[in-house]
Amino acid sequence: MAAEVLSKYYGVNLMKEYTTDGKVKHICLDEEDINEKLIQKLGNKFGAYRKKWDAAQNLEKTSDFPLFLQLDINQDCNFQCPHCMLAHEGDIKKYFSAETISEKEYEELIDEAAKYDCPSISLQGTNEPLLSKNLETQIEYAKKNGFIDIMINTNGSALTKNRALKILKSGLTRIRFSLDAVTEEVFNKVRLGGDFKKVIKNIEVFIDLKKELRQELPVIGVNFCVLSENEHEKDSFVDYWKDKVDFVSIQTFTPPTPEKKWNEFYPKKEKKENFNGFKCPQPFQRLVLRNRDITPCCAWYSRELSLGKVGEISLYDAWNSKEMEDLRRLHSEGKWHENPTCKKCVNSIFRLEEFSEGNIEQTKIINFSK
């Protein structure tokens with residue numbers, strides 16, 4: 001969207017909207033996106049990494065090793081958001097396991113990635129990273145081993161002042177707070193288990209501490225996943241946060257699983273995502289670790305595409321496996337529908353099928369009425 005359109009739509013003079021995965025749109029107050037700003041802060045090495053990322057985003061080039069690792073460093077969350085898999089008992093049983101990687105295995109994964117100069121990592125997947133007591137030391141270990149772009153998404157509930165100070169000093173590059181609401185009333189519907197006032201206070205403390213320490217990093221963002229329950233607050237969410245944080249993210253709702261009805265969650269006023277021959281860039285960018293499974297993408301159910309388990313196959317071998325080569329070829333040729341898991345994912349993102357078949361199970365939501 002052009003800056004002048006954003007100016008009219010969001011009521012500011014200059015804004016820039018961009019995306020790196022097609023699912024999440026990031027909005028910045030000025031015409032530079034966050035990555036352009038980070039190039040200024042982190043230098044040529046970061047710029048070279050982003051050029052490689054852009055080539056992967058366009059399916060133009062595959063690196064010898066993934067440019068991005070995404071790890072579920074724990075399997076816990078203290079929220080039960082209805083649009084998340086972790087709020088649905090059956091999905092947890094089907095797609096999650098009690099297996100997690102040890103601290104030693106985490107360091108071995110980082111050491112392997114460092115050999116190939118892997119530039120970016122997220123220590124958050126389908127979980128709340130601040131529930132991990134080792135989070136700050138894990139960030140520091142990644143930083144020490146050459147990662148230049150280290151990020152987390154968090155619900156912000158466990159962010160004490162002491163924790164904030166440690167994170168600010170850890171080497172983190174980006175932090176994004178998932179809120180999905182601008183009022184307490186809506187927050188209580190879509191972020192079950194959270195305390196709106198506490199979360200907002202925690203974010204404000206973090207922002208203030210960063211200013212007090214005169215730190216440029218991490219850049220701070222807030223996230224809004226557009227749902228039927230909150231879509232009326234999207235514009236006011238952007239307006240509230242645009243002068244307080246470095247970027248605002250607007251996320252397309254993606255059903256956690258494709259086997260159930262999620263119609264009630266889709267926003268009513270939002271247009272369907274523009275399909276236009278979608279080709280997924282993720283197999284060209286990243287590896288995602290779900291529990292101990294090494295997978296090619298961030299789909300909630302990406303364990304269906306497991307390339308092997310930690311301890312049984314290296315990240316390098318998983319990235320260069322025949323399965324990954326086949327997946328990249330399918331998406332390059334626009335034949336994603338030949339892979340059953342990709343077909344389910346693309347159908348759900350772009351609502352190519354409205355899940356209206358009578359034999360599809362209705363979602364069972366934990367504590368939805370709270």
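About the cut-offs
- Residues numbered from 1 in each chain as written.
- Predicted model: local features only at pLDDT ≥ 70, side-chain atom pairs only at ≥ 80, totals over all residues.
- Heavy atoms only, no water.
- Salt bridge = Lys/Arg side-chain N within 4 Å of Asp/Glu carboxyl O.
- Helix = DSSP H or I, 4+ residues; strand = E, 2+ residues; numbered from the N terminus.
- Buried < 20%, exposed > 50% of the residue type's maximum accessible area, 1.4 Å probe, protein only.
- Phe/Tyr/Trp six-rings, centres within 6.5 Å; stacked < 30°, edge-to-face > 60°.
- 1 Å grid on protein atoms, 1.4 Å probe; cavity = no way out; pocket = protein on both sides within 12 Å on 5 of 7 lines; lining within 4 Å.
- Points joined across faces, edges and corners; volume = space filled by probe spheres on them.
- Nonpolar A, V, L, I, M, F, W, Y, C, P; charged D, E, K, R; others polar.
- Contact = heavy atoms within 4.5 Å.
- Axes fitted to C-alpha atoms, helices over the stretch in contact; angles between N-to-C directions.
- Parallel < 35°, antiparallel > 145°, perpendicular 65-115°, else oblique.
- Left-handed = near helix turned anticlockwise from the far one by under 90°.

*Asks:* Just to check I follow, could you spell out the pattern of salt bridges for this structure?
*Replies:* If the charged atoms of two oppositely charged side chains come close together, the side chains can form a pair. The tally for this structure, following the rule as stated, stands at 16 salt bridges. Note that Arg290 and Asp72 form a salt bridge whose closest N and O atoms lie 3.6 Å from each other. Linking Arg290 in strand β10 (residues 286-290) with Asp72 in the loop between β3 (68-71) and α4 (89-95), this pair joins segments that are 218 residues apart in sequence. Taking the shortest distance from any N to any O, the salt bridge between Lys322 and Asp326 comes out at 2.7 Å. Linking Lys322 with Asp326, this pair stays in helix α13 (residues 322-332), spanning four residues, or about one helical turn. Given a relative accessible area of 57%, Lys322 falls into the exposed group.

*Asks:* Would you explain the packing of aromatic side chains in this entry?
*Replies:* The description of an aromatic ring pair rests on the distance of the ring centres and on the angle between the ring planes. Considering all chains together, one arrives at 13 aromatic pairs under this definition. A centroid spacing of 4.8 Å and a plane angle of 5° characterise the contact between Phe65 and Tyr116, whose relative ring orientation is stacked. Placement of Phe65 in the loop between α3 (44-57) and β3 and of Tyr116 in the loop between α5 (103-115) and β4 (120-122) is noted, with a sequence separation of 51 residues between them. Arranged with centres 5.3 Å apart and planes meeting at 75°, the rings of Phe253 and Tyr266 form a pair that is edge-to-face.

*Asks:* Explanation requested: the layout of surface pockets in the structure shown.
*Replies:* Think of a ball as big as a water molecule: rolled over the atoms, this probe shows where empty space is left. The calculated volume of the second largest pocket comes to roughly 270 Å³. Surrounding the second largest pocket, 15 residues form its lining, Lys52, Leu67, Tyr116, Asp117 and Pro119 being those nearest its centre. The residue makeup of the lining of the second largest pocket, split by class, is nine nonpolar, two polar and four charged.

*Asks:* What is the right way to read the environment of Phe224 from this model?
*Replies:* With respect to the helices and strands, Phe224 occurs in strand β7 (residues 219-226). For Phe224 and Ala181, which are 43 residues apart along the polypeptide, the C-alpha to C-alpha distance reads 6.8 Å. In contact with Phe224, not counting residues within four places along its chain, are Asp180, Ala181, Asn230, Glu233, Lys234, Phe237, Ser249, Ile250 and Gln251.

*Asks:* Even after reading the chapter, I still don't get empty space enclosed by the protein, so can you show me in this structure?
*Replies:* The final tally for this structure, using the stated rule, is three cavities of 30 Å³ or more. The computed volume of the second largest cavity comes to approximately 130 Å³. For the lining of the second largest cavity, the secondary-structure elements that each account for two or more residues are α11 (282-285), α13 and α14 (340-349). The class makeup of the residues in the lining of the second largest cavity is 13 nonpolar, three polar and one charged.

*Asks:* Looking at this model, I keep getting lost on the packing of helix α7 (residues 161-168) against helix α9 (residues 196-212). Mind explaining?
*Replies:* Helix packing for two helices is described by the angle between their axes and how far apart those axes are. For the pair α7 and α9, interaxial distance at closest approach is 10 Å and the crossing angle is 45°. Here α7 lies oblique to α9, going by the angle between them. Every pair of crossing elements has a handedness; the one defined by α7 and α9 is right-handed. Residues Lys161, Ala164, Leu165, Ile167 and Leu168 of α7 form the contact with α9, whose participating residues are Val205, Phe206, Leu209 and Lys210.

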